[in-house]
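Each chain, written out:
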Amino acid sequence: MASYGNNLRLLEIAQGGESGTWGTKTNTNLELIGEALGFGTEALSDASTHTTTVLDGGSDPARPIYQIYTGTLSQACTITIAPDDMKRVHIIKNGTSGSQNILIKQGSGGGAAVTIPPGDTKVVSLDGGGSSAIVTDVFASLSVVDLKATGDITVTDD
């Protein structure tokens, strides 16, 4: 039996399955892989919570590795990325207006979330830990040997 139990939510065709539609289903999977390597946008309504879902075998705004959230917010918005068993890395930009943070979480429980201030972009990892899943800021403690910058560097903390 076919399933979607992978991190890109692609159809995994069972041995001998999908007779007569194998080519179509494979082409859909290839298109979704291409979509995952791109960027997408999703508009937020002015609410304190929002759920972004990576669909099983279908196109959606959460599939791309680089995602920009847009819209006008008058309050911080906690965005839950579903499903909660998906392990992924996302590059997420808070492209909203209204000077509000977005918080990225996964799962329904009290797992860790990452706050992204307006205009900022962060790389986050989703651990796929179910209801208590943890989202981590990948570069929160970045160690580099040589740092090169061609533009301005702004230091906001020690």
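I will try to describe carefully the structure that is included in this document.

Criteria and cut-off values
- Residues numbered from 1 in each chain as written.
- Predicted model: local features only at pLDDT ≥ 70, side-chain atom pairs only at ≥ 80, totals over all residues.
- Heavy atoms only, no water.
- Salt bridge = Lys/Arg side-chain N within 4 Å of Asp/Glu carboxyl O.
- Helix = DSSP H or I, 4+ residues; strand = E, 2+ residues; numbered from the N terminus.
- Buried < 20%, exposed > 50% of the residue type's maximum accessible area, 1.4 Å probe, protein only.
- Core = buried A, V, L, I, M, F, W, Y, C linked by side-chain atoms within 4.5 Å.
- Contact = heavy atoms within 4.5 Å.

## A word on the pattern of salt bridges
Where charged atoms of side chains with opposite charge meet at close range, the side chains can pair.
Here is step 1 of the chain: Tallied over the entire structure, the rule returns five salt bridges.
Here is step 2 of the chain: Residues joined by salt bridges that share partners form a network here, namely R9, D56 and D85.

## Comments concerning the environment of G119
Here is step 1 of the chain: Tracing the backbone through its elements, the reader meets G119 in the loop between β7 (114-116) and β8 (121-127).
Here is step 2 of the chain: Under the relative-accessibility criterion, G119 is labelled partly exposed at 47%.
Here is step 3 of the chain: Spatially, the C-alpha atoms of G119 and D84 are 26 Å apart, while their sequence positions differ by 35 residues.

## Looking at the nonpolar core
Here is step 1 of the chain: Membership of the largest hydrophobic core comes to 17 residues, with the highest contact counts inside it found for L44, Y69, I79, I92, I102 and I104.
Here is step 2 of the chain: Sorting the residues of this core by element identifies β4 (77-82), β6 (102-105), β7 and β8 as the ones contributing at least two each.
Here is step 3 of the chain: Of all the elements, β4 adds the most residues to this core, at three residues.
Here is step 4 of the chain: Setting aside residues no more than four positions away along its own chain, I104 makes contact with Y69, I79, I81, I92, A113, V114, I116, V124 and V135.

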